[in-house]
Amino acid sequence: MKHRIQIEGGDGFDVSADEDSLLRGALRAGVGFPYECGVGGCGNCRFDLVSGEMETLWPEAPGLSERERKRGKRLACQSRPLGDCVVRVRCADEYRPVVPTRRLQAVLTERREVAPGMAELTFTAPGPATFLPGQYAVFHPPGVEGPRAYSMSNLPNANGEWRFVVRRMPGGKGSNAMFDALAPGDALTIDGPYGNAYLREDNEREVVCVGGGSGVGPVVSVARAALKLGREKGVHIFEGARTRADLCVPALLTEREMAALNYIPVLSSEPEDSGWSGARGFVHAQVEQSLQLPVEHHEFYFAGPPPMIEAMQDLLVMRWKAPHAQIHFDKFF
Ligand SMILES: Cc1cc2nc3c(=O)[nH]c(=O)nc-3n(C[C@H](O)[C@H](O)[C@H](O)COP(=O)(O)OP(=O)(O)OC[C@H]3O[C@@H](n4cnc5c(N)ncnc54)[C@H](O)[C@@H]3O)c2cc1C
Ligand code: FES
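Residues numbered from 1 in each chain as written. Chains lettered and ligands numbered in written order. Predicted model: local features only at pLDDT ≥ 70, side-chain atom pairs only at ≥ 80, totals over all residues. Heavy atoms only, no water.

**Details of the sheet that holds strand 17 (residues 279-280)**
Logical step 1: Read across the sheet, 6 strands follow the order 17-16-15-14-18-19 without closing on themselves; strand pairing throughout is parallel. The two strands at the open ends of the sheet, each matched to only one other strand, are strand 17 and strand 19 (327-331).
Logical step 2: Bridging between strand 15 (residues 235-241) and strand 16 (residues 262-267) involves 6 bridges; their strand directions are parallel. Directly across from Ala241, in strand 16, lies its bridge partner Leu267.
Logical step 3: Sitting on the sheet, helix 4 (residues 216-228) touches strand 14 (206-212), strand 15 and strand 18 (298-304), and the angle it makes with strand 14 is about 160°. (Pairing = 2+ DSSP bridges. Helix = DSSP H or I, 4+ residues; strand = E, 2+ residues; numbered from the N terminus. Contact = heavy atoms within 4.5 Å. Axes fitted to C-alpha atoms, helices over the stretch in contact; angles between N-to-C directions.)

Quick look at the structure:
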């Protein structure tokens, strides 16, 4: 069964009744519905329900303020149509999926520790793994309410291999389930790809990748793809971690890839007497110190915790006045 969704003053589309959210149904129908995180954190998928009925999946989702909720605003990633509906939202081509999104039955084939509390999980699913480097997928970790987003750390491939770098968050339900409730051989539905922070191939600018904590997953994928395109001279990875033991980019890339790019690890809590002679402090401050301007020569990709993303945005937008079209990021809500 399908529900018809009509955008006020715009196009209409069908959402399958078994679809888990309006947003995913819209994107699967090829509609440019605005979004960013896909899991209730950012608020970009806000819309008004003009008529019809929708179920709210996570009423407390932080993407809406109490005031917005009272004014009747809804999040498309947290709304499930229960029948035909009319909605008010401004769609845009930039959100239209470049690679069609699909739901795949995958099997966990390997979990490899890449740093303490950080693992690379490999899933295998039927058919080729089609996504753009830098994109993410959405899962329902076993026994946990609500979906979680994880970014692909590998490259699209014909073998149906999907890799993700997952950090065990202290007290986090979903990330801990990915370690404790899932064993090699277990099945999981992967839904994706989603996200707009993917490698842009239409320019020759130097590629600057900045990953904090588990944010290394998507930036490693972007850097790898840029190297494959032959941009050896201009691929930089800045990795922000607490200590030397937490660095994981060298465990994710081959020696050849490491030799071909400019890798700058930055440690925020490494003991003073440890003998570490590399960069210290916050990763965005090191980007500011290390990069040769002008900013027009660089395309920026970054992922990680919200404070790191906000510091990078402040540097790039407020201080360096970098054009928005050169900035691509995912905030890990
Ligand atoms: C685009 C994107 C890409 C990401 N990529 C990665 C990655 O590659 N590696 C990585 O380690 N992390 C990634 N994250 C973060 C990841 O999705 C989780 O937020 C993180 O693992 C912590 O989840 P948790 O369940 O352990 O923590 P929790 O504190 O239990 O949950 C954190 C998040 O789960 C969601 N959530 C919580 N409760 C509910 C509910 N009842 N219903 C619906 N949703 C709920 C919310 O989004 C919340 O912010 C990414 C996040 C985003 C948005
Ligand atoms: S996409 Fe819905 S809140 Fe982020």
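**Some remarks on helix 4**
Logical step 1: End to end, helix 4 covers 18 Å across 13 residues, agreeing with the expected 18 Å (1.5 Å per residue, within 8%).
Logical step 2: Across the 13 residues that make up helix 4, a large majority, 12, are buried.
Logical step 3: Buried within helix 4 we find Val216, Gly217, Pro218, Val219, Val220, Ser221, Val222, Ala223, Arg224, Ala225, Ala226 and Leu227.
Logical step 4: Gly230 sits one or two residues past helix 4 and shows a positive phi near 90°. (Expected span 1.5 Å × (residues − 1). Buried < 20%, exposed > 50% of the residue type's maximum accessible area, 1.4 Å probe, protein only.)

**Structural notes on helix 7 (residues 283-290)**
Logical step 1: All buried positions along helix 7 are accounted for by Val283, His284, Gln286 and Val287. The arc enclosing the buried residues of helix 7, seen along the axis, measures out at 160°, which places them on a common side.
Logical step 2: The inward-facing, buried residues of helix 7 abut strand 14, strand 15, strand 16, strand 17 and helix 8 (306-319). (Arc of directions from axis to C-beta.)

**A short note on the sheet that holds strand 9 (residues 118-124)**
Logical step 1: The 6 strands are arranged 11-10-13-8-9-12 in an open sheet whose pairing can be described as antiparallel. Both outer strands of the open sheet, strand 11 (148-151) and strand 12 (161-167), are each paired with one neighbouring strand and no more. The sheet shows a mean angle of 40° between the axes of neighbouring strands, taken without regard to direction.
Logical step 2: As defined by bridge partners, strand 10 (residues 136-139) adjoins strand 11 across 4 bridges and the pair is classed as antiparallel. Residue Val138 lies in a different strand from strand 11, and its bridge partner there is Ala149.

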